[in-house]
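# A structural walkthrough
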Amino acid sequence: MTNSSRAACQALDADDPLAPLRTWFDLPPGMIYLDGNSLGARPHAALQRAQQVIQQEWGHDLIRSWNKAGWFDLPSRLGNKLAPLIGAGENEVVVTDSTSINLFKLLAGALQIQAASRKVIVTERDNFPTDIYMAQGLTEWLDRGYRIHLIDTPQELTTAVNAETAVLMLTHVNYRSGHLHDMQAVTQAAQEQGALVLWDLAHSAGAVPIDLHAANADFAVGCTYKYLNGGPGAPAFAWIAPRHHAQFRQPLSGWWSHQAPFTMQPAFAPGEGIRRALCGTQPVISLAMVECGLDVFAQTDMHALRRKSLALTDLFIALVESRCAGLGLALVTPRPHAQRGSHVSFTHVHGYAVMRELIAHGVIGDYREPQVMRFGFTPLYTQFTDVWDAVSILRRILADQDYEIDARQEAVT
Ligand SMILES: *Cc1c(COP(=O)(O)O)cnc(C)c1O
């Protein structure tokens, strides 16, 4: 390959039109951060914004900030800012609650819109566990005969989604393998069987171009603390296709989803449109940080980011396979661009121990059972030389077997 030297990677960085965006982030010197798919780096603006919220808005203006600083409208204002990144329109997205909670609300709403005779939720066994757990919790609690059908390969979708399917709930980019679904084709095929389709965009929002309208999707949720750089535990987002707004009801009908919360009526009446996806008062400080992450995206577009993301993941795969050949790594992530998100996973029998050693040497990736080492490439701030240097360190650790096979797992891997 042509990029087989550090100098070639330096040339790629010098030619990279997105390179200046790295200055929008505070990254510790000497660290190669390849975990933006799990916790995005801190935007430079976040520190000042946090100080403003805490000092001025909370400290000085106090309760007046609900109106004066626009705290009350933050879920929809941020939702509108996020919308273009996922191919959604105005007043279709809210930033609120967690991905798990949004899954619960939207799945409940979808089951209620769907014909009661359809009793099956189809999803992947390999889906992020919370998605499956939330579906299990909801259906057990409903106790109306709903079942969850777990499929093992995308090919099974063609037979698994049928006249019994209520909802197809899929994660667009798989958290472990990095496999990317064809949103448009999968949505269309499922809808032809009468199913509603709910997409989890946790590992794709801010990482790959998404067009919910073009795909004619029904519902979507996703995280803001991953590629969107909203900060640890930042509120998630929820999208409902406008054609479902009028019918949509969800069981966590808190006062923020009421038509007129401050009329303090004892009877619930659902608000307009996407406000129905809200529940109650939001963590304002955390919510405010989400804007700093979203503002960076206004400097570029998802197609430019996708080009760089694919160049980074192509380079990483090629360098690992050439420079670490024979050292026990096996690629998990699909090679075709159309099936790949923005992270790359390799297995190694001592994956956890090797990842611990990489982290000790300043290369931050993460580990997922079983044996999977995961490396995230955030085109906003990952450099081509980072890829080269990470592979150099990985090769040395593997070649010297410089890792502790018995490394005890920490609570978060
Ligand atoms: C990261 C992730 C989540 C996280 O959900 P939380 O409620 O924020 O803990 C959920 N689903 C998928 C697919 C994810 O990748």
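The chain carries the name Kynureninase in an unreviewed UniProt entry, which gives Collimonas fungivorans as its organism. Listed under Cofactor (unreviewed entry) in UniProt, the entry text for the chain is "pyridoxal 5'-phosphate". Recorded under Subunit (unreviewed entry), the UniProt text for the chain is reproduced unchanged: "Homodimer."

Here we come to the nonpolar core. Within the largest apolar cluster, 58 residues are counted, with the highest numbers of intra-cluster contacts made by Ile 86, Leu 168, Trp 199, Leu 201, Leu 212 and Phe 237. If one sorts the elements of this core by residue count, helix H10 (residues 284-297) sits on top with six residues. Summarising the domain contributions, this core has at least three residues from each of domain 1 (6-43 + 301-400) and domain 2 (72-298). Ignoring anything within four residues of it in the chain, the contact list for Leu 201 reads Ile 86, His 172, Met 183, Ile 210, Leu 212, Ala 220, Val 221, Gly 222 and Phe 237. Counting residues in hydrophobic clusters, the runner-up holds 33 residues, among them Tyr 352, Phe 375, Trp 388 and Ile 397.

A few words on the site of the ligand. Of all residues adjacent to the ligand, which total 13 residues, the nearest are Ser 100, Asp 131, His 203, Tyr 225 and Lys 226. With respect to the ligand, the side chain of Ser 100 contributes an N or O atom lying 2.6 Å from an oxygen atom. Here the ligand loses 86% of its free accessible area of 380 Å² to cover by the protein chains. Residue assignment for the shell around the ligand shows that the elements contributing at least two residues are helix H5 (99-113) and helix H6 (129-142). When the residues that make up the shell around the ligand are grouped by side-chain class, the tally is four nonpolar, six polar and three charged.

Of all five residues that make up strand E8 (residues 196-200), five are buried, and the element is covered over most of its length. The pairing of strand E7 (residues 165-171) with E8 spans five bridges and is parallel. Among the inter-strand pairings, Val 167 is bridged to a residue of E8, identified as Leu 196. Handedness of the crossover joining E7 and E8 through helix H8 (residues 183-192): right-handed. Here E8 runs beside strand E9 (residues 219-222); their pairing, made up of three bridges, is parallel.

Moving on, we come to the packing of helix H12 (residues 351-360) against helix H13 (residues 384-399). Two elements in contact, H12 and H13, have axes whose closest approach is 10 Å; the angle formed by their N-to-C orientations is 125°. Comparing the axis directions of H12 and H13 gives the class oblique. In terms of crossing hand, the pair formed by H12 and H13 is right-handed. Only Ala 390, Ile 393, Leu 394, Ile 397 and Leu 398 of H13 make contact with H12, whose side of the interface consists of Val 354, Glu 357 and Leu 358. A class-by-class count of the residues in the contact of H12 with H13 yields seven nonpolar, no polar and one charged.

Looking at the secondary structure, you find Lys 308 in helix H11 (residues 302-323). In this structure Lys 308 comes out as buried when scored by relative accessible area, which is 7%. Side-chain polar atoms of Lys 308 contact the backbone oxygen of Pro 379, separated by 3.1 Å. When residues no more than four places from it in sequence are discounted, the contact partners of Lys 308 are Asp 16, Leu 18, Pro 379, Thr 382 and Phe 384.

Attention now moves to the pairing of strand E10 (residues 237-240). Of the two faces of E10, the one carrying Phe 237 and Trp 239 and the one carrying Ala 238 and Ile 240 are both buried. Across three bridges, strand E4 (residues 93-95) lies against E10 in antiparallel orientation. Bridging across to E10, Val 94 finds its partner in Ala 238. Note: E9 against E10, four bridges, orientation antiparallel. Directly across from Val 221, in E10, lies its bridge partner Ala 238.

To continue, consider the domain arrangement of the chain. Entries for the chain in the domain assignment read domain 1 (6-43 + 301-400) and domain 2 (72-298). In this structure, domain 1 and domain 2 have C-alpha centres spaced 29 Å apart. Taken together, the contact pairs 34 residues of domain 1 with 25 residues of domain 2. Surface buried jointly by domain 1 and domain 2 totals about 2,300 Å² across both partners, of which 65% is contributed by carbon and sulfur atoms.

Rules and cut-offs
- Residues numbered from 1 in each chain as written.
- Predicted model: local features only at pLDDT ≥ 70, side-chain atom pairs only at ≥ 80, totals over all residues.
- Heavy atoms only, no water.
- UniProt positions renumbered as here; feature names shortened; annotations may be inferred.
- Core = buried A, V, L, I, M, F, W, Y, C linked by side-chain atoms within 4.5 Å.
- Buried < 20%, exposed > 50% of the residue type's maximum accessible area, 1.4 Å probe, protein only.
- Helix = DSSP H or I, 4+ residues; strand = E, 2+ residues; numbered from the N terminus.
- Domains from an automatic or database assignment.
- Contact = heavy atoms within 4.5 Å.
- Near = heavy atom within 4 Å.
- Polar contact = N/O pair within 3.5 Å; in protein donor to acceptor, adjacent residues only side chain to side chain.
- Areas by Shrake-Rupley, 256 points an atom, 1.4 Å probe, with all protein chains shown as cover.
- Nonpolar A, V, L, I, M, F, W, Y, C, P; charged D, E, K, R; others polar.
- Pairing = 2+ DSSP bridges.
- Right-handed = clockwise from strand over helix to strand, strands pointing away.
- Axes fitted to C-alpha atoms, helices over the stretch in contact; angles between N-to-C directions.
- Parallel < 35°, antiparallel > 145°, perpendicular 65-115°, else oblique.
- Left-handed = near helix turned anticlockwise from the far one by under 90°.
- Buried area = accessible area lost by both parts, 1.4 Å probe.

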